[in-house]
Amino acid sequence: MHGIPRKAPTQEERDDSSLKAAKLRDLQSLLLHFHHNKIYTEEAIEISAKLLESNPEHYTAWNYRKLAVQHLLDRHQQNQLDSQSPQSILDDELILVENALKTNFKAYGAWHHRKWVLSKGHSSSDRELRLLGKFQKLDSRNFHAWNYRRFITELKKIPDEDELQYTTDMIYDNFSNYSAWHNRSMLLSKLLEKSAKGYEKRENVLSEEFEFVRNALFTDPDDQSGWFYHSWLLGQTLKREPLFLSSSPPHGSNLSLSIDKPYRERHFPLILYFSEAVGGVSSSTVNVEYFYDGGDGLIWFPLAANKLGFSQAWLTYIKYPLDTLESFHVKVTIAQFPGIISSSGMPCSRSCYIYFTASICLNNQEDSELQTTHKISWNEENIKPHSTHPEDANLLASLCKLDITKENKPTTPMLCMETISNEIACSRELLLSSNCKIGKLTLARLLVAHNTLITYGCMDSGTEANYEEILALYHDLMKMDPAHIGYYEDEYSLVLMKQLTPNTESLLKLCGNYQELSSPSISSYTSVRLKGLSLSRVSCLEHLLWVQMLDLSNNKLRSIEGLEALQQLSCLKLSNNRLSSFTALEPLKMLNSLRVLDVSYNEIGAHTIDTRRYLCSSPLNSTTGSKWQSKIFTDGDADLKHFWYAYLLFRDLNLVQLDIVGNAVVDERLKAFLVKLMPALKWFDGESCH
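Residues numbered from 1 in each chain as written. Predicted model: local features only at pLDDT ≥ 70, side-chain atom pairs only at ≥ 80, totals over all residues. Heavy atoms only, no water.

(A) Inspection of helix 6 (residues 125-138) at higher detail. In a regular helix each residue adds 1.5 Å, so 14 residues correspond to 20 Å; helix 6 covers 20 Å between its end C-alpha atoms and thus fits that length. Listing the buried residues of helix 6 in full gives S125, E128, L129, L131, L132, F135 and Q136. For helix 6, the buried positions fall inside an angular range of 165 degrees around the axis, keeping them on one side. Along helix 6, exposed side chains directed more than 90 degrees from the buried face belong to R130, K134 and K137. Buried-residue contacts for helix 6 involve helix 4 (86-103), helix 5 (108-118), helix 7 (143-156) and helix 8 (160-173). (Helix = DSSP H or I, 4+ residues; strand = E, 2+ residues; numbered from the N terminus. Expected span 1.5 Å × (residues − 1). Buried < 20%, exposed > 50% of the residue type's maximum accessible area, 1.4 Å probe, protein only. Arc of directions from axis to C-beta. Contact = heavy atoms within 4.5 Å.)

(B) Representation of the side chain of S581. Assignment of secondary structure puts S581 in the loop between strand 14 (571-573) and strand 15 (596-598). The class of S581 is buried, set by a relative accessible area of 5%.

(C) Spotlight on empty space enclosed by the protein. On inspection of all chains with the given rule, the structure shows 4 cavities of 30 Å³ or more. Where the lining of the largest cavity is concerned, the elements lending two or more residues are strand 12 (525-529) and strand 13 (549-551). A class-by-class count of the residues in the lining of the largest cavity yields 6 nonpolar, 1 polar and 3 charged. Estimates place the volume of the second largest cavity at around 50 Å³. (1 Å grid on protein atoms, 1.4 Å probe; cavity = no way out; pocket = protein on both sides within 12 Å on 5 of 7 lines; lining within 4 Å. Points joined across faces, edges and corners; volume = space filled by probe spheres on them. Nonpolar A, V, L, I, M, F, W, Y, C, P; charged D, E, K, R; others polar.)

(D) Region of interest: unusual backbone geometry. In this structure, the amide linkage connecting S248 to the following residue, P249, adopts the cis form with an omega of 0 degrees. As for its position among the elements, P249 is in the loop between strand 1 (244-248) and strand 2 (254-259). Although it is not a glycine, S195 adopts a positive phi angle of roughly 50 degrees. Tracing the sequence through the fold places S195 in the loop between helix 9 (178-193) and helix 10 (202-219). Of the residues examined, S195 reaches a relative accessible area of 41% and is grouped as partly exposed. Phi is positive for S534, close to 65 degrees, though the residue is something other than glycine. Topologically, S534 is positioned in the loop between strand 12 and strand 13.

(E) Fine view of helix 15 (residues 437-455). Along its 19 residues, helix 15 runs 27 Å from first to last C-alpha, staying within 8% of the 27 Å computed at 1.5 Å per residue. With 15 of 19 residues buried, helix 15 lies mostly within the body of the structure.

(F) The arrangement of the confidence of the model for the protein in detail. Counting all residues, the mean pLDDT for the protein is 84, and 84% of those residues have values of 70 or more. The low-confidence segment residues 388-395, where pLDDT is below 50, has 6 contacts with residues more than four positions distant or belonging to other chains. Counting contacts from residues 614-629, a segment whose pLDDT is below 50, to residues more than four positions away or on other chains yields 20 contacts. (pLDDT = per-residue confidence, 0-100.)

(G) Region of interest: the sheet that holds strand 17 (residues 683-684). With respect to topology, 9 strands assemble into an open sheet ordered 10-11-12-13-14-15-16-17-18, the strand pairing being mixed. The open sheet has two free edges, formed respectively by strand 10 (383-385) and strand 18 (687-688), since each of these has just one partner strand. With 4 bridges connecting them, strand 11 (residues 511-514) and strand 12 associate as antiparallel partners. Bridge pairing links C511 to V528 in strand 12. (Pairing = 2+ DSSP bridges.)

(H) Focus on the packing of aromatic side chains. Taken as a whole, this structure holds 20 aromatic pairs when the rule is applied. Geometrically, the ring pair formed by F268 and F356 is edge-to-face, given 6.2 Å between the ring centres and 75 degrees between the ring planes. Here F268 is found in strand 3 (residues 266-279), whereas its partner F356 is found in strand 9 (residues 352-362), with 88 residues between them in sequence. Seen in terms of ring centroids, Y487 and Y488 are 5.7 Å apart; in terms of plane orientation they differ by 70 degrees. Their pairing is edge-to-face. Given the relative accessible area of 34%, Y487 is considered partly exposed. On the basis of relative accessible area, Y488 is assigned to the buried category, the value being 5%. An aromatic cluster of three or more residues is present, and its members are F105, W111, F135, Y148 and F151. When the ring centre of Y166 is taken as reference, the NZ or CZ atom of R149 above it lies at 3.6 Å. The positively charged end of K331 is found above the aromatic ring belonging to Y353, 5.0 Å away from the centroid. (Phe/Tyr/Trp six-rings, centres within 6.5 Å; stacked < 30°, edge-to-face > 60°. Lys NZ or Arg CZ within 6 Å of the ring centre and 35° of its normal.)

(I) Seen up close, the pattern of salt bridges. In this structure the tally under the stated criterion is 25 salt bridges. Salt-bridge contacts for E380 lead to R529; the nearest nitrogen and oxygen are separated by 3.3 Å. Of the two residues, E380 is situated in the loop between helix 12 (365-373) and strand 10 and R529 in strand 12; the sequence distance between them amounts to 149 residues. Residue class for R529 comes out partly exposed when judged on its relative accessible area of 22%. Between E489 and K556 there is a salt bridge, and its shortest N-O distance comes to 3.7 Å. (Salt bridge = Lys/Arg side-chain N within 4 Å of Asp/Glu carboxyl O.)

(J) Just a nonpolar patch on the surface, in detail. On the surface, a nonpolar cluster with roughly 330 Å² of combined accessible area is contributed by Y59, Y108 and F143. Structurally, F143 can be placed in helix 7. (Patch = residues over 30% accessible without salt bridge, like charges linked within 9 Å, V, L, I, M, F, W, Y side chains within 5 Å. Areas by Shrake-Rupley, 256 points an atom, 1.4 Å probe, with all protein chains shown as cover.)

(K) Local environment of the pairing of strand 11. In this structure, strand 10 lies alongside strand 11, joined through 3 bridges in antiparallel fashion. Paired with P385 across the two strands is G512, which belongs to strand 11.

(L) Focus on the state of the cysteines. Under the criterion given, the structure shown has 0 disulfides. Cysteine C352 shares no disulfide, and the gap to the nearest cysteine sulfur, in C348, comes to 6.8 Å. Of the residues examined, C352 reaches a relative accessible area of 14% and is grouped as buried. (Disulfide = S-S within 2.5 Å.)

(M) Summary view of a negative patch on the surface. Residues E12, E13, D15 and D16 make up a contiguous surface patch of negative charge. Relative to the assigned elements, E12 resides in helix 1 (residues 11-36). On the basis of relative accessibility, which here comes to 59%, the residue E12 falls in the exposed class. (Lys, Arg positive; Asp, Glu negative; His and termini not counted. Charge placed at Lys NZ, Arg CZ, Asp CG, Glu CD.)

Quick look at the structure:
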């Protein structure tokens, strides 16, 4: 039971336990003998019952019982068994399960066996509900019993409305009942999905539920069960269709494609970025039109996808002509046909398009070599800030904003906005009398939700997003709950990035043109500086798809997940962060344009255990095939196996400048290995390689 501490057993209890274990071993040996030899006699079945009543966790014994019961039922059907009816056989099984549950109410095997017995169709569901009532009086939060109740109500076809009332009664009896709140969320989801009578107006129902759970929160703010349900309600309130936010190349842009030779097949990346992780992006749902190819054969890849394969950013490659240097137009229609859907099940139904022009030009080979051989110093004096001059503003506006028409941009129902605003006011009131951490976390999430509604189509366009209060809340939570500081730092970083990039004017303050003063003939880079901001994760990348040079130094980054979307990125500085392994840099393998990388003064090699290694294949894993045996290494090269994770990362990069000094893993042996692995490398830790 919950809240009962364990205590050391006495000598008498230990002796009793040893005797019980000896008896169980004898019973187990007999049962395995019966099981292997398919013996289903009355004596054998009785012995299995004794074993299960003493140890309900014995899964093999439950499986044996199923086989034995099925054997008896088959014999009865063949008129070979007259002593017992099917009803009596199954009733005996229900009695056995009931006795086993008295021994251990949380035995998975016992509950599954009871479901199996009921599936035979000879048992009373009314009796099961009465039995559940007795069990739930002993432990009202036991999730096994609640899970079994859902099974019974579905079998008996009890209306969801009746079961919802049952959860209300259980919550009034004990508002700390996690299982009752959970079951309520499942029932409410079904009722809202099918728009049952009285549940047609989603916003009204959710508003009433917020008021219902508020009673529990104000009664005991430190009890988490009600807060979890409140968090679920917030997610339901924010449930909306995903939006297409931005692209690379951006809408209305002129893309310049440089090639060294005119008659060689080339391609360039196309990135689509959505407001949340989506799936279903394919040539069936996204139509790409240009004269060279119809786009029907394009393959779309999710970047930084979750376990379901959903992602905010999707990538494909568009080929450009083999036999012409003429410019061409590309039109991309998103959600032209149904199929794009969010992980919460909401479809992307608003079709919109982007349009850009691609121009092909021959690249001067000498200029190209000069661009790649010159060292990037990252000096501040080489960055020319963008001004607020209209020309600069218009330039960046075309790069980082997708011009979504008012017809395509959805609006937020005012009732939804009022509900969130009301919950914010109530949370603030609660925190005046109780300084609970989960209350602070909920208020922060509510404020983030409020900002999200403002950003993506709220009717109340005059309302401004509030970021300072959210940042202050997460700062307090880091102090109050240091055990979860990593989570709070990530959320803080997400909010800070939104504060820094809400509009073009704010983004201009972070941008500039990088030009090496010592080499004015070298082309400049469009640069963004996000250094020294205590960021532990990167976000808001929909605003940065056009970036060529990115400075993320002096932060707290443990991962760079999401940077895969920056397909135009050529120079990246990650020095003085908390990156702990080469596998943490895996996203870089997707950046084909990356030439300059600085990961100096991180924690690579400083930790005994790399928790990300399981994501990476090894030379001993047959799934890697023979690709890992690079031609530049001989069979006698021990360095390949020793630096396997460095090899898996850097073999796919075409770097000309690399800085890794200041990491625990770095020594002369690794340096020699990387120079050998990357023949195009010109600068290593600030020194020329040739």
